[in-house]
Amino acid sequence: MVGGVADTCEAVELAPRVWWVGSMLPADRFQCHVYLVEQGDQSVLIDPGSALIADVVIRKVDSIVGVDHVRWLVCSHQDPDIIGALPALHDRGLHPDAKIVTHWRDEALIVHSGTALPFWRIEEHNWRLPLKDRTLQFRFTPYVHFAGAFCTFDEVSGTLFSSDLFGGFSADLSLYASSMAYFESMRAFHEHYMPSREILAHALDQLRDLPMRRIAPQHGQIIPEELIAPLIGQLQQLECGIYLLARDDPGLAFLLGANRTMRDVVETLVRETEFSVVARHLADLAAQNLRVSSLELWARIGNIDLLPVLFDKVILPSVVQVELTDPGAPPTVQTWIADPPTWLQVHETPSRYSGPAFTDGLDEGRQPPSPWPFRSTPICCSWTIGRA
Ligand SMILES: [Fe+2]
Ligand SMILES: [Fe+2]
């Protein structure tokens with residue numbers, strides 16, 4: 001049958017010549033699904049499965065084409081729930097030219113299973129496997145959840161064999177997801193097995209252009225076309241892996257925020273040319289990602305005339321003016337403030353700022369001017385004159 005309620009005791013045809021040949025283990029929330037693309041003596045087994053279900057997989061493949069017609073064994077990574085069935089399949093008698101289809105990063109580990117099967121590397125074949133009536137495309141999804149992980153797309157049926165991506169933990173033995181409630185199964189799986197939201201988002205980006213009609217993951221339930229877009233939308237927002245750990249670790253959360261800020265700063269510097277716009281963006285980024293309430297911009301006295309070029313107004317708190325005239329200040333500073341430029345506006349220092357504790361210990365002249373009676377920019381431009 002195609003779609004609907006399936007009898008999982010037997011192989012289930014998901015689309016013409018595309019079969020589910022896995023096994024539902026009772027009381028196992030971590031079901032391992034195996035798929036067959038029927039191609040006569042060039043048939044393809046996708047993520048061949050765990051040693052626990054090898055006998056059932058062999059029986060179901062035999063019921064369709066015969067294990068000896070399986071020419072290609074796509075292994076999306078090296079986990080035991082994917083390659084554990086290989087010895088039994090090999091012993092049963094695969095096609096004489098059977099090969100493991102995988103990425104070199106996966107091959108480096110799969111060889112340690114002791115398999116005698118040769119390898120066919122997807123990256124050396126333009127990420128495509130031509131078959132009798134269709135071509136399988138491979139999309140690299142590194143670190144989701146292994147460095148060499150990839151998905152397989154069948155162009156004819158529109159089936160994405162997504163491996164662990166879109167997988168779910170579920171006590172529900174139904175083969176198909178029937179509602180958005182499946183996201184809760186996906187949440188439990190992705191939170192624990194995917195390394196980070198950004199890596200997950202990168203993987204989802206690799207699939208964006210595929211005309212998917214169903215997603216067949218290695219765990220959980222098969223996702224019908226109408227649920228694909230909304231489930232991807234929710235998955236893109238999911239905090240997982242390292243971001244989940246950061247919920248209880250302020251230090252880690254700060255490092256992640258700093259990392260994100262660095263990336264955004266570079267993007268801002270590349271995209272914007274107007275300094276005042278750049279400065280405003282930087283202040284916004286610092287506020288959003290690092291919870292910093294202001295930025296200090298420093299200028300050397302030799303470049304001080306840049307200030308009126310960069311900003312509409314340049315305000316000097318009166319207490320800073322006093323500091324600059326102090327006999328202990330560098331002579332160049334004293335000389336400069338004795339004959340201030342016309343663009344410099346000296347304002348009386350407001351009453352002491354009573355904001356967050358980060359200002360404690362700063363001298364009076366470096367307090368944020370929030371109560372000032374003019375429209376302030378997001379930048380707290382408290383500048384300090386260094387040596388000329
Ligand atoms: Fe895995
Ligand atoms: Fe898996």
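Asker: What exactly am I supposed to notice about the overall build of the protein here?
Answerer: Tallying secondary structure elements over the protein gives 13 helices and 15 strands in all. Sorting the 388 residues of the protein into buried and exposed places 32% on the buried side. The contacts of the protein with a sequence gap of at least 6 include a subset with a gap of at least 24, amounting to 64%.

Asker: What should I look at first to understand the environment of Ser179 in this one?
Answerer: With respect to the secondary-structure elements, Ser179 resides in the loop between strand 11 (159-163) and helix 5 (182-193). Given 8 C-beta atoms within 10 Å, Ser179 falls into the exposed group. Placed 47 residues apart in sequence, Ser179 and Glu226 show a C-alpha to C-alpha distance of 9.3 Å.

Asker: Explain the environment of Cys32 to me, please; I cannot follow it from the model alone.
Answerer: Considering the arrangement of structural elements, one finds Cys32 in the loop between strand 2 (18-20) and strand 3 (35-37). What makes Cys32 buried here is the crowd of 25 C-beta atoms within 10 Å. Counting along the chain gives 186 residues from Cys32 to Gln218, while the straight-line C-alpha distance between them is 5.5 Å. If near-sequence neighbours (up to four positions away) are discounted, Cys32 is found in contact with Gly22, Gly49, Ser50, Ile53, Asp81, Gln218 and His219.

Asker: Please explain helix 1 (residues 54-62) as it appears in this structure.
Answerer: A turn of α-helix holds 3.6 residues, and therefore any two residues three or four places apart point the same way. Those residues of helix 1 that sit buried are Ala54, Val56, Val57, Ile58, Lys60 and Val61. Looking at the buried side of helix 1, the elements it contacts are strand 3, strand 4 (43-46), strand 5 (70-74) and helix 3 (86-92).

Asker: When you look at the nonpolar core in this model, what are you seeing that I'm missing?
Answerer: Note on soluble globular proteins: their nonpolar side chains tend to be buried together. In this structure, Trp19, Val21, Tyr35, Val44, Val57, Val61 and Leu73 are the most contacted members of the largest nonpolar core, which totals 69 residues. Per element, the largest residue contribution to this core is five residues, and it comes from helix 1. Residues within four places of Val21 in sequence aside, it is in contact with Ala11, Val34, Tyr35, Leu36, Val57, Lys60 and Val61.

Asker: Mind showing me how you'd approach the pairing of strand 11 here?
Answerer: A regular strand places its side chains on the two faces of the sheet in alternate fashion. Within strand 11, five of the five residues are buried, which leaves the element mostly enclosed by the surrounding structure. Taking every second residue as pointing to the same face, both faces of strand 11 are buried, with Thr159, Phe161 and Ser163 on one and Leu160 and Ser162 on the other. With three bridges connecting them, strand 10 (residues 150-154) and strand 11 associate as antiparallel partners. Bridge pairing in strand 11 places Phe153 opposite Leu160. Count of turn residues in the strand 10/strand 11 antiparallel hairpin: four residues, of which Gly158 carries a positive phi of about 70°. Pairing between strand 11 and strand 12 (residues 214-217): four bridges, direction parallel.

Asker: Mind showing me how you'd approach the sheet that holds strand 2 here?
Answerer: Backbone hydrogen bonds are what pair the strands of a sheet, in a parallel or an antiparallel way. Within the open sheet, the seven strands sit side by side as 1-2-3-4-5-6-7. Their pairing is mixed. Edge strands, defined here as strands with exactly one partner in the open sheet, are strand 1 (12-15) and strand 7 (119-121). Across the sheet, the mean angle separating the axes of adjacent strands is 30° when strand polarity is ignored. Note: strand 1 against strand 2, three bridges, orientation antiparallel. Note on strand 2: the bridge partner recorded for Glu13 is Trp19.

Asker: I tried to follow the sheet that holds strand 12 on my own but got confused; where do I start?
Answerer: With respect to topology, six strands assemble into an open sheet ordered 8-9-10-11-12-13, the strand pairing being mixed. Two strands in the sheet have a free side with no partner beyond their single neighbour: strand 8 (128-130) and strand 13 (223-224). Judged from the two bridges that link them, strand 12 and strand 13 form a sheet pairing that is antiparallel. By the bridge assignment for strand 13, Arg214 is matched with Pro224.

Asker: What is the right way to read the packing of helix 6 (residues 197-206) against helix 7 (residues 225-236) from this model?
Answerer: Packed helix pairs are specified by the crossing angle of their axes together with the interaxial distance, meaning the distance between the axes. In contact at an axis separation of 9 Å, helix 6 and helix 7 are set at 150° when each is read in the N-to-C sense. Classified by the interaxial angle, the pair formed by helix 6 and helix 7 is roughly antiparallel. Between helix 6, through Leu200, Ala201 and Leu204, and helix 7, the contact on the second element is made entirely by Ile232, Leu235 and Gln236. Its residues placed into classes, the contact of helix 6 with helix 7 shows five nonpolar, one polar and no charged.

Asker: Could you clarify how one ought to interpret unusual backbone geometry in this entry?
Answerer: Glycine aside, the phi torsion of most residues is negative, and most peptide linkages are trans. That bond from Val144 to His145 is cis: its omega, -5°, falls within 30 degrees of zero. Take His145: it is sitting in the loop between strand 9 (135-140) and strand 10. At Tyr143, a position not held by glycine, the phi torsion is positive, near 70°. By the element assignment, Tyr143 lies in the loop between strand 9 and strand 10. Its identity as a non-glycine residue notwithstanding, Phe166 has a phi of 70°, on the positive side. Along the chain, Phe166 falls in the loop between strand 11 and helix 5. According to the C-beta neighbour criterion, Phe166 is buried, with 28 such atoms within 10 Å.

Asker: What is the right way to read the packing of helix 5 against helix 7 from this model?
Answerer: Viewed as axis vectors pointing N to C, helix 5 and helix 7 meet at an angle of 40°, and their least axial separation amounts to 11 Å. Between helix 5 and helix 7, the angle falls in the class oblique. Crossing handedness for the pair helix 5 and helix 7: right-handed. From helix 5, Tyr182, Phe183, Met186 and His190 reach across to helix 7, where they touch Leu227, Leu231, Gln234 and Leu235. A breakdown of the residues in the contact of helix 5 with helix 7 according to their chemical character gives six nonpolar, two polar and no charged.

Rules and cut-offs
Residues numbered from 1 in each chain as written. Chains lettered and ligands numbered in written order. Predicted model: local features only at pLDDT ≥ 70, side-chain atom pairs only at ≥ 80, totals over all residues. Helix = DSSP H or I, 4+ residues; strand = E, 2+ residues; numbered from the N terminus. Buried ≥ 20, exposed ≤ 12 C-beta atoms within 10 Å, placed from the backbone. Contact = placed C-beta atoms within 7 Å. Core = buried A, V, L, I, M, F, W, Y, C linked by C-beta atoms within 7 Å. Pairing = 2+ DSSP bridges. Axes fitted to C-alpha atoms, helices over the stretch in contact; angles between N-to-C directions. Parallel < 35°, antiparallel > 145°, perpendicular 65-115°, else oblique. Nonpolar A, V, L, I, M, F, W, Y, C, P; charged D, E, K, R; others polar. Left-handed = near helix turned anticlockwise from the far one by under 90°.

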